[in-house]
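Listed here are the chains, written in short residue letters.
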Amino acid sequence: MHAIALDSKYGVPTVAIHTNVFEKAVQSVTRMHGMPEARYTFVPQPVMGKTAEQLRAYVEGKSPISGRPVMQEVIEGLTRPAEGDRLRAAQFKRSTPRLLDSDTDENLHRLFLENNWTDKLPIVLPTEKKVAEMLAHTSRKPDEIAGHLRSNQFRQHWEFTVEKVAVNAVMAGARPEYFPVILALASSGVSARGSTTSSMAAMVVVNGPIRTEIGMNSGIGAMAPYNHANATIGRAYGLLSQNLQGGSIPGDSYMGSQGNGYAYGSVTFAENEERSPWTPFHVQHGFKPSDSTVSIFTGCRSTAFTLGVREKYWREHVRNMLRGMDAHSAPTFLLDPIAARQYIDRGGFDTKEKLIQWVYENALMPAGEYWDYQLIQNYIYPRATFGEEPYASKLKAAPDEMVKMFKPDEIHVVVVGGETNGYWRIMGCNYQKTVSVDAWR
Amino acid sequence: MADGGNGLQKLSVLNPVGYEPKITPKPMARRLESLDGKTIFLVDPRFDDSGLFLRQVQDWFSEHMPSVKTKLVEMSSVYTKDDPKTWEMIKTNGDGAIIGVGH
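Small disclaimer: the values here were computed from a predicted structure and weren't measured.

About the thresholds
- Residues numbered from 1 in each chain as written.
- Chains lettered and ligands numbered in written order.
- Predicted model: local features only at pLDDT ≥ 70, side-chain atom pairs only at ≥ 80, totals over all residues.
- Helix = DSSP H or I, 4+ residues; strand = E, 2+ residues; numbered from the N terminus.
- Contact = placed C-beta atoms within 7 Å.
- Core = buried A, V, L, I, M, F, W, Y, C linked by C-beta atoms within 7 Å.
- Buried ≥ 20, exposed ≤ 12 C-beta atoms within 10 Å, placed from the backbone.
- Domains from an automatic or database assignment.
- Axes fitted to C-alpha atoms, helices over the stretch in contact; angles between N-to-C directions.
- Parallel < 35°, antiparallel > 145°, perpendicular 65-115°, else oblique.
- Left-handed = near helix turned anticlockwise from the far one by under 90°.
- Nonpolar A, V, L, I, M, F, W, Y, C, P; charged D, E, K, R; others polar.
- Pairing = 2+ DSSP bridges.

This part takes up the environment of leucine 78 of chain A. Within the element layout of this structure, leucine 78 of chain A appears in helix 4 (residues 70–79). Distance in space between the C-alpha atoms of leucine 78 of chain A and alanine 184 of chain A is 46 Å, their sequence separation being 106 residues. Look past the residues within four positions of leucine 78 of chain A in its chain and what remains in contact with it is Pro13 and Val15 of chain A together with Arg31, Leu32, Leu35 and Gly96 of chain B.

Soluble globular proteins tend to bury their nonpolar side chains together. Counting 99 residues, the largest nonpolar core has Val165, Ala166, Ala169, Val181, Ile182, Val204 and Cys300 of chain A as the members making the most contacts within it. In this structure, this core is formed jointly by two domains, domain 2 (105–363 + 407–440) and domain 3 (368–404) of chain A, each of which donates at least three residues. Here valine 181 of chain A is in contact with Val206, Ile210, Ile233, Val294 and Val437 of chain A, once residues within four sequence places are set aside. Formed by 51 residues, the second largest nonpolar core is a distinct cluster that contains Met1, Leu6 and Phe154 of chain A together with Ala97 of chain B.

Time to look at the packing of helix 8 (residues 162–171) of chain A against helix 11 (residues 228–244) of chain A. For any two helices packed against each other, one specifies the inter-axial angle together with the distance between the axes. Residue and element names in this part refer to chain A. At a minimum axis distance of 8 Å, the contact between helix 8 and helix 11 shows a crossing angle of 130 degrees. By the angle between their axes, helix 8 is oblique relative to helix 11. The two elements helix 8 and helix 11 cross, and the hand of that crossing is right-handed. Residue-level contacts link Lys164, Val165, Asn168, Ala169 and Met171 of helix 8 to Ala236, Leu239, Leu240, Asn243 and Leu244 of helix 11. Class assignment of the residues belonging to the contact of helix 8 with helix 11 gives a composition of seven nonpolar, two polar and one charged.

The subject of this paragraph is helix 14 (residues 337–347) of chain A. Residues and elements named next belong to chain A. Among all positions of helix 14, only Pro337, Ala339, Ala340, Gln342 and Tyr343 are buried. Elements in contact with the buried residues of helix 14: strand 9 (331–335), helix 15 (352–362), strand 12 (412–415) and strand 13 (423–436). The first or second residue beyond helix 14 is glycine 348, which carries a positive phi of 70 degrees.

Turning our eyes to something else, we now look at the interface of chain A and chain B. Taken together, the contacts link 81 residues of chain A with 56 residues of chain B. Counted by class, the side of chain A that touches chain B contains 43 nonpolar, 24 polar and 14 charged residues. Bridging between strand 3 (residues 103–104) of chain A and strand 2 (residues 9–11) of chain B involves two bridges; their strand directions are antiparallel. When the bridges of strand 2 of chain B are listed, aspartate 103 of chain A appears paired with leucine 11 of chain B.

Structure representation (structure tokens):
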């Protein structure tokens, strides 16, 4: 992506070197950005953790993709004139037909599966009748633009209409009355199928009256597959993300090395506002209690859990959990109402904000360890070296000095659970935004 | 719906795929006739030890093409952000660039 800008916008002949697992992704990105002749070569994966000698062998070796010497491809990339053939081939304009060719139920199911339009589980075929029933539950017009999505910042946005969202909602098995929630998710601009090697998933928290209107679960088993609305809204968010952003295909438009099981349902649940001792999440973010909203988090790779908030050592227990989290993904506390009330009893946290402040002050790590994490090196260290606060100040700490792992505005608290016990967990994830559901009714 | 004549009913269903953005072709920079005496910037996106890798590329040029001047520079921030100041600097002071290891 940077190579394309440097080459086309600044007029500097540029060659990009990638690792071989990104072959298809590189081809796709360069084509979509209008430079299919962009110059690149490949070295073996990984580069991370290799010795100087091993990296030298990469440089002196051959591309695992083309079988040609890496440096020969680098030098040719800087000197060989453009041919233009592949560029001309890329100048086609595509439009997506509204209807597929009619076929049998069995053949259509196979088509959807083979085209990577599903999550590999059976779907409901989006017939015109079912899609019309879905569309009847919003005042928005079918051909209205509902939003734009892309799988990461290096790819271009795709566009979609309200009807396209309805098609994916039907496929997920959602009932028409859930449609405003699904439209709100689609309009967010946040993909539940982000392509990052770290294997992200999304988490969706629903607040306000819509929770009870459509029978969402905020109690026993809220985050598990026991509620139709929770399950199918989360599934619809995943399907619409992959289909409306231009795909989510491993090795091409999805690069998550291990994958993430949370992606099946995008951890979709309602906050237990009725049993929470605190302000609902959406009210914390500027909405009225009577508003219906969806709040989206991304990441969801790391979790820690425990039972209760113990009288004697609760502080140490929580600090241990925080210290074990991925230092780059901020903590969101998912508390059963029993645990929420215990936090009030133990720490006097009569607001979520007070608990968040305590977490901010107690999520600590020696500076040397913090800065050595690869994710911190990749994403925080460069920002610190160019003066961005609070990272720049943190960089001045001695290696054994304790530094704060997170910023207070990155830490969140949501109450969920059915009080069968005081279990709670920390989800490592980044809050993205809260979107109105009412705007899509 | 229509009957295929063999007892298998045919269904009409909607396409679930979104609309692809129109591709706007971008011009490529004119390539160099030769690297002799040219200044090539090696751009480190600061991702997964990419700087260590580029130092090996720099050593390779020193040994095999000593007439090529190489300058190793780091991107100003994380690789996910555009870096126009660095690109302008390379345009002013360089003849070509190698970015690696990309992600």
